Amino acid sequence: MSTSALALAYPEPLHPQPRLYIIDDDRNVLDVVGRFARPHGFDVLSFDNATDALLEVTRRPPDAALIDLRMPGMNGMDTLREIKRRAPFCEVVLMTGYGTIESAVEAVKLGATDYVRKPFDFTRLKDLLGLIRAESDRRQTVAALESDLLKQSQFHGMIGRSAPMLELFSLLRRIGPHFTTALITGETGVGKELVARALHATSKRRHKPFVTLNCSAIVETLFESELFGHARGAFTGAHETRAGLFEKANGGVIFLDEIGELPAPVQAKLLRVLEAGEMARVGSSDAQKVDVRVVAATNRVLEDEVEAGRFRSDLYYRLHVVELKVPSLRERRDDIPLIARAFLEENAREYAKPLRGLTPEAEHALLRHDWPGNVRELRNVLGRASMLAETEWIDAPDLLIGAPPGPRAVTIGPVRPMGEVEREQVVRALEETRGNKKEAARRLGISRRAFYRRLEKYGMHQPAIGDEPVAFDD
Ligand SMILES: Nc1ncnc2c1ncn2[C@@H]1O[C@H](COP(=O)(O)OP(=O)(O)OP(=O)(O)O)[C@@H](O)[C@H]1O
Ligand SMILES: [Mg+2]
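Residues numbered from 1 in each chain as written. Chains lettered and ligands numbered in written order. Predicted model: local features only at pLDDT ≥ 70, side-chain atom pairs only at ≥ 80, totals over all residues. Heavy atoms only, no water.

Caption draft 1: Main features of the overall build of the protein chain. A tally of helices and strands in the protein chain yields 19 helices and 16 strands. For 474 residues, the compact-globule estimate of 2.2 N^0.38 gives 23 Å, and the protein chain exceeds it by more than 25% at 30 Å. By principal-axis analysis of the C-alpha atoms, the protein chain measures approximately 95 × 55 × 40 Å. Taking all 474 residues of the protein chain together, the buried fraction comes to 49%. Nonlocal contacts in the protein chain, meaning residues at least 24 apart in sequence, comprise 72% of its contacts between residues at least 6 apart. Of the accessible surface of the protein chain, which amounts to about 23,400 Å², a share of 53% is contributed by carbon and sulfur atoms. With 67 positive and 69 negative side-chain charges, the protein chain shows a spacing of 4 Å between the two charge centroids. (Helix = DSSP H or I, 4+ residues; strand = E, 2+ residues; numbered from the N terminus. Rg over C-alpha atoms; globule rule 2.2 N^0.38 Å. Buried < 20%, exposed > 50% of the residue type's maximum accessible area, 1.4 Å probe, protein only. Contact = heavy atoms within 4.5 Å. Areas by Shrake-Rupley, 256 points an atom, 1.4 Å probe, with all protein chains shown as cover. Lys, Arg positive; Asp, Glu negative; His and termini not counted. Charge placed at Lys NZ, Arg CZ, Asp CG, Glu CD.)

Caption draft 2: Inspection of the site of ligand 1 at higher detail. In the vicinity of ligand 1, 16 residues are found, and the nearest of them are Thr188, Gly189, Lys192, Arg376 and Arg379. Threonine 188 places a side-chain nitrogen or oxygen 2.5 Å from an oxygen atom of ligand 1. Contact distances for ligand 1 include 2.6 Å between an oxygen atom and a side-chain N or O atom of lysine 192. When isolated, ligand 1 has an accessible area of 640 Å², and the protein chains bury 88% of it. Cavity membership is defined here by more than half of the atoms lying within 2 Å of grid points; on that basis ligand 1 lies in the second largest pocket. Listed by contribution, the elements that provide at least two residues to the shell around ligand 1 are β7 (158-159), α7 (192-202) and α15 (374-388). Residue composition of the shell around ligand 1, grouped by class: six nonpolar, five polar and five charged. Taken together, domain 2 (157-325) and domain 3 (330-403) each give at least three residues to the shell around ligand 1, which thus spans both. (Near = heavy atom within 4 Å. Polar contact = N/O pair within 3.5 Å; in protein donor to acceptor, adjacent residues only side chain to side chain. 1 Å grid on protein atoms, 1.4 Å probe; cavity = no way out; pocket = protein on both sides within 12 Å on 5 of 7 lines; lining within 4 Å. Sits in = over half its atoms within 2 Å of the grid points. Nonpolar A, V, L, I, M, F, W, Y, C, P; charged D, E, K, R; others polar. Domains from an automatic or database assignment.)

Caption draft 3: Fine view of the nonpolar core. One finds Leu227, Phe246, Ile254, Leu256, Ile259 and Leu319 to be the most contacted residues of the largest nonpolar core, which totals 31 residues. With five residues, helix α10 (residues 264-276) is the largest single contributor of residues to this core. Not counting chain neighbours up to four residues away, the residues in contact with isoleucine 259 comprise Leu183, Cys215, Leu270, Ala296, Ala297, Thr298, Leu302, Phe311 and Leu319. Core analysis: the second largest hydrophobic core is formed by 26 residues, Ile339, Ala348, Leu355 and Ala365 among them. (Core = buried A, V, L, I, M, F, W, Y, C linked by side-chain atoms within 4.5 Å.)

Caption draft 4: Examining the sheet that holds strand β14 (residues 323-325) more closely. Taken together, the five strands give an open sheet; going across it, the order is β9-β10-β13-β8-β14, and neighbouring strands pair in parallel fashion. Only two strands of the sheet have a single neighbouring strand rather than two, namely β9 (210-214) and β14. With strand direction ignored, the average angle separating the axes of adjacent strands in the sheet is 20°. Here helix α12 (residues 313-320) sits on the sheet and contacts β8 (181-185), β13 (293-298) and β14; the angle it forms with β8, its principal contact strand, is near 95°. (Pairing = 2+ DSSP bridges. Axes fitted to C-alpha atoms, helices over the stretch in contact; angles between N-to-C directions.)

Caption draft 5: Fine view of the confidence of the model for the protein chain. Here the protein chain shows a mean pLDDT of 86. Residues at 70 or above account for 91%. Of all helices and strands in the protein chain, the one with the weakest mean pLDDT is helix α4 (residues 101-109) (80), whereas strand β10 (residues 253-257) scores best (97). In this model residues 1-5 is a low-confidence stretch, pLDDT under 50, and it forms 19 contacts with partners more than four residues away in sequence or in other chains. Within the model, the stretch residues 9-15 combines pLDDT values under 50 with 20 contacts to residues more than four positions away or in other chains. (pLDDT = per-residue confidence, 0-100.)

This is the structure in structure tokens:
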């Protein structure tokens, strides 16, 4: 049988000994077969009824099961079906005393590996156990190889081995030691922050501070003092002199996330730091030297912001000297299985669940999906699936993706005013996220500030509610 391409080595490097269930109402069979199988290297669990066995499947999943066809209560065929549902990769062999070809055929159709007749032909049983053992070893080897592959496909916390990612890693390696400013662009959730951290980690400043400011998360009036600090008495409430982030980052790297949100006066001050290596605290005229490398990120098209007069062109050109474009997940689908695997390993640890991997159907669903929210969306989808999964294998329905792209598809009809379409998208984003504005902004691919601006524009702003989910009726 085939193995998922995503078998995980976690939680145990599979079991060193494959686990074999023997399910038969005849205790004699349990005893004899159990004694026969143990020396062949199996960890044997015996059950005299199907119900007990099924209860154990989630906790101690079997690699193989020998199931009696005729049992009181749940019969062998139904047990086979249930075990396969909960442990899709379990090898099942049916044992039958009344072996008819018909039931054997049906069993194999339902996913049984084979069947054996009772009374046992022990040579045949031995061959079957040998095959099961070989398949289990093969699966362990695959899991170990995939684990190695994953280790080799990481670059400072970023996973990837697709051509565009290898190119990005190579670029990072080359510019890391030399850059003074860098601009990271890419859609939401592609990993811009990880790229910024990788730049720091590959630079000579890796032992110096890495300081982050998310420009969309700060009130306009506090920007300057946050970045450059303030002198005592510079404004109401400035009781003490305070150092800003540039001073804290001195000698290291500052990461300005969502740089497109930077207000104009701050843009001017930033340019001065970049050009002259100088800044002054708010309320002070003393210029100070700072030595800070600046990494900026944006998921907007900054050229458009420049054209619209919202972003200084001189600052843009300065930042743009080195641009790192992070490809969307759609442009590197080869990486999806590998990243998924890493996330599942994390989830298995976090939820203390024995997750082993994805079924082939689940993997196909991930490969087909469009990922508008990129790697962050993949992380969320797998997080939810890991919680939902009833078995150690995540199956396609657990992912809750792959719904027809209906709502996202282009609607046919007369052209409508942009504002109307935009308002509708804002409303839908709020509905889909049950009023979580942060998440709504994320799904729309705009910053939180930009999102708030739109709420104001369409008269939907509800101050003082912040990011708390709000009842939204419109
Ligand atoms: N190549 C990758 N390998 C593993 N995890 C990744 C990778 N890229 C992104 N992630 C994970 O995806 C999530 C989103 O990444 P990140 O926050 O860096 O995105 P971003 O581009 O900054 O998004 P935004 O524009 O919304 O701020 C994080 O949890 C990050 O760890
Ligand atoms: Mg980010």
